[in-house]
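# Examining the three-dimensional arrangement
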Amino acid sequence: MRHGNAVQYDRYGGFDVVQLVPQERPDAGPGEIVVEVVAAGLNHIERFLREGKLREFIDLDFPAHQGVDFAGIVRARGEGVKDLRVGDEVLGHAPTGGAHANWVRVPRGAVIKKPELVGWEVAGGLYLAGCTAATIVRGLRLGPQDTVVISAAAGGVGHIQCQLAHDAGATVIALGSARNHDYLRQIGTLPVVYGEGEEQRIREIADGREITAFIDNHGESDAEHLSERLGIPAERFVSSEERRDVELRFLRAPAEDDEARELLTMLTKAVQDRRVQVLISGFYPFEYIVDAYEDLAQMQSRGKVVIGMQTVETGARMDWYRSEKNRDLRDPVRRPQTADAG
């Protein structure tokens, strides 16, 4: 296969500016590889970037190409690439975007080998959410003495944070919508519903434990005040703005970024060992990428929404890929103002 498609947009805007344009398989330059993409993740921050909400941080050149997370198969390697072969399975990131495509050309340093036991969907959606979650949890130096509150705990970043914090030995109080509580219990957290009285509910479920940290993925204006009322030191409160800054850092991380590679290697090992299980709540064929982003924009997805480039259909064309199985749209939900869902 030499011809495919890539996502492109030539101006800031909503879903109406997204185009699937023809793509010819690129050639690999020195130090580069060409990867046939099998799966690629979607992220809220990429939508915000396309909508022009992050222009103060990243100034796009048009036409712009979308997508940072990907997993796929090496189809070509350039001069100087010795440690990867054509046919190797890899995952990583596209430093300037472009992973929402049949092929992506990146420097060798932008990928690591995909472990056999890490599935394509998980590998394709792991990089940005995983590196963001791991950086924030590491920064708090959580341990068995800690009790941490995490808001939007069932979202793409939040559910990984919950598992990494739990793996570090901390007690995790997960703020989320009631419809997500069974899932949040399954990943080792103590779920608490949002809304009036949440402070008292947090204290009750803490059952006398000192609450020592708070991660706000929700973007709610009262989160910092809630953290203060719970007696959490200011330096152990992570705001949604701080989380955004971490995401932006990895969204445009250079290919030869040692921290990004180290974190991604650690995360794939955690997935292999089943210490972290990445939930895929929506898996869409590539040609339905607008539907996939509309799904994500509902702010009701648990875990990750991912696109697959070579999906195998197993049911009715308009029904099989939809992800309502992981949410009940009839339930009233307090929607987050930014980033993850609860």
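We now turn to the structure provided with this report. (Residues numbered from 1 in each chain as written. Predicted model: local features only at pLDDT ≥ 70, side-chain atom pairs only at ≥ 80, totals over all residues. Heavy atoms only, no water.)

Let's shift gears to the sheet that holds strand β2 (residues 19–24). Taken in spatial order, the three strands make up an open sheet running β2-β1-β4, and their pairing is antiparallel. Because the sheet does not close on itself, it has two edges, and the strands there are β2 and β4 (64–65). The pairing of strand β1 (residues 3–9) with β4 spans two bridges and is classified as antiparallel. Its bridge partner being in β4, Tyr9 is matched across the sheet by Ala64. (Pairing = 2+ DSSP bridges. Helix = DSSP H or I, 4+ residues; strand = E, 2+ residues; numbered from the N terminus.)

In this section: the nonpolar core. Within the largest apolar cluster, 62 residues are counted, with the highest numbers of intra-cluster contacts made by Tyr127 and Val148. Top contributing element to this core by residue count: helix α3 (residues 127–140), with nine residues. Leave out the neighbours within four places in its chain, and Tyr127 touches Val68, Asp69, Gly92, His93, Phe250, Ala253, Ala260 and Leu264. Counting residues in each nonpolar core, the second largest holds 29 residues, with Val7, Ala99, Val104 and Val305 among its members. (Core = buried A, V, L, I, M, F, W, Y, C linked by side-chain atoms within 4.5 Å. Buried < 20%, exposed > 50% of the residue type's maximum accessible area, 1.4 Å probe, protein only. Contact = heavy atoms within 4.5 Å.)

On to the pairing of strand β14 (residues 280–285). Across the six residues that make up β14, a large majority, five, are buried. Bridge count for β14 against strand β15 (residues 304–308) is five bridges, and the pairing is parallel. Residue pairing across strands places Pro285 opposite Gly308, the latter belonging to β15.

Buried residues dominate strand β5 (residues 69–77), accounting for seven of its nine residues. Where strand β3 (residues 32–41) and β5 come together, six bridges link them in antiparallel fashion. Bridge assignment links Val37 to a residue of β5, and that residue is Gly72. Of the strand pairs in this sheet, β5 and strand β6 (residues 89–93) are connected by five bridges, and their pairing is antiparallel. By the bridge assignment, Ile73 is partnered in β6 with Glu89.

In this section: the pattern of salt bridges. By the definition in use, this model includes 21 salt bridges. Notably, a salt bridge pairs Lys53 with Glu51, separated by 3.1 Å at the nearest N-O pair. Residue classification places Glu51 among the partly exposed residues on the basis of a relative accessible area of 24%. Here Glu89 and Lys114 are joined by a salt bridge, their closest N and O atoms 3.5 Å apart. Note that Glu89 is positioned in strand β6 and Lys114 in the loop between β8 (111–113) and α2 (120–124), a separation of 25 residues in sequence. The exposure class of Glu89 is partly exposed, given its relative accessible area of 33%. The structure contains a network of salt bridges with shared partners spanning Asp167, Lys269, Asp273 and Arg275. (Salt bridge = Lys/Arg side-chain N within 4 Å of Asp/Glu carboxyl O.)

A word on the packing of α3 against helix α4 (residues 158–167). Following both chains from N to C, one finds α3 and α4 inclined at 45 degrees, their axes separated by 9 Å at the closest point. Taken together, the axes of α3 and α4 lie oblique to each other. Handedness of the α3/α4 crossing: right-handed. Across the interface between the two elements, Ala129, Gly130, Ala133, Ala134, Ile136 and Val137 from α3 touch Ile160, Gln161, Leu164 and Ala165 from α4. A per-class count over the contact of α3 with α4 returns eight nonpolar, two polar and no charged. (Axes fitted to C-alpha atoms, helices over the stretch in contact; angles between N-to-C directions. Parallel < 35°, antiparallel > 145°, perpendicular 65-115°, else oblique. Left-handed = near helix turned anticlockwise from the far one by under 90°. Nonpolar A, V, L, I, M, F, W, Y, C, P; charged D, E, K, R; others polar.)

Turning our eyes to something else, we now look at the environment of Arg108. Tracing the sequence through the fold places Arg108 in the loop between β7 (103–107) and β8. The class for Arg108 is buried, based on a relative accessible area of 16%. Not counting residues within four places of it along the chain, the set of residues in contact with Arg108 comprises Gly31, Glu32, Val81, Asp83, Leu84 and Arg261. Here the side chain of Arg108 touches Asp83 through a polar contact of 2.8 Å, side chain to side chain. (Polar contact = N/O pair within 3.5 Å; in protein donor to acceptor, adjacent residues only side chain to side chain.)

The five strands are arranged β11-β10-β9-β12-β13 in an open sheet whose pairing can be described as parallel. If you trace the sheet from one side to the other, it starts and ends with β11 (190–193) and β13 (237–238), each paired once. Bridge analysis of strand β9 (residues 147–150) against strand β10 (residues 171–176) gives four bridges, and the strand direction is parallel. From the neighbouring strand, Thr147 faces β10, where its bridge partner is Thr171. The sheet strands contacting α4 are β9, β10 and β12 (213–215), and the helix crosses β9 at an angle near 175 degrees. Each of β9, β10 and β11 is contacted by helix α6 (residues 198–206), which is oriented at about 160 degrees to β11, the strand it contacts most.

Quick look at a negative patch on the surface now. Taken together, Glu224, Glu228, Glu241 and Glu242 make up a surface patch of like negative charges. Every element with two or more residues in the negative patch is listed here: α7 (223–229) and α8 (240–251). Locating Glu241 in the fold gives a position in helix α8. Overall, the relative accessible area of 44% leaves Glu241 in the partly exposed class. (Patch = residues over 30% accessible without salt bridge, like charges linked within 9 Å, V, L, I, M, F, W, Y side chains within 5 Å. Areas by Shrake-Rupley, 256 points an atom, 1.4 Å probe, with all protein chains shown as cover. Lys, Arg positive; Asp, Glu negative; His and termini not counted. Charge placed at Lys NZ, Arg CZ, Asp CG, Glu CD.)

Given 3.6 residues to a turn, an α-helix orients residues that are three or four positions apart in the same direction. Between its terminal C-alpha atoms α8 stretches 16 Å, which fits the 16 Å expected from 12 residues at 1.5 Å a residue. Taken as a whole, α8 has its buried residues at Ser240, Arg243, Val246, Glu247, Leu248, Phe250 and Leu251. Those residues of α8 that are buried lie in contact with α1 (44–50), β6, α3, β13 and α9 (258–272). (Expected span 1.5 Å × (residues − 1).)

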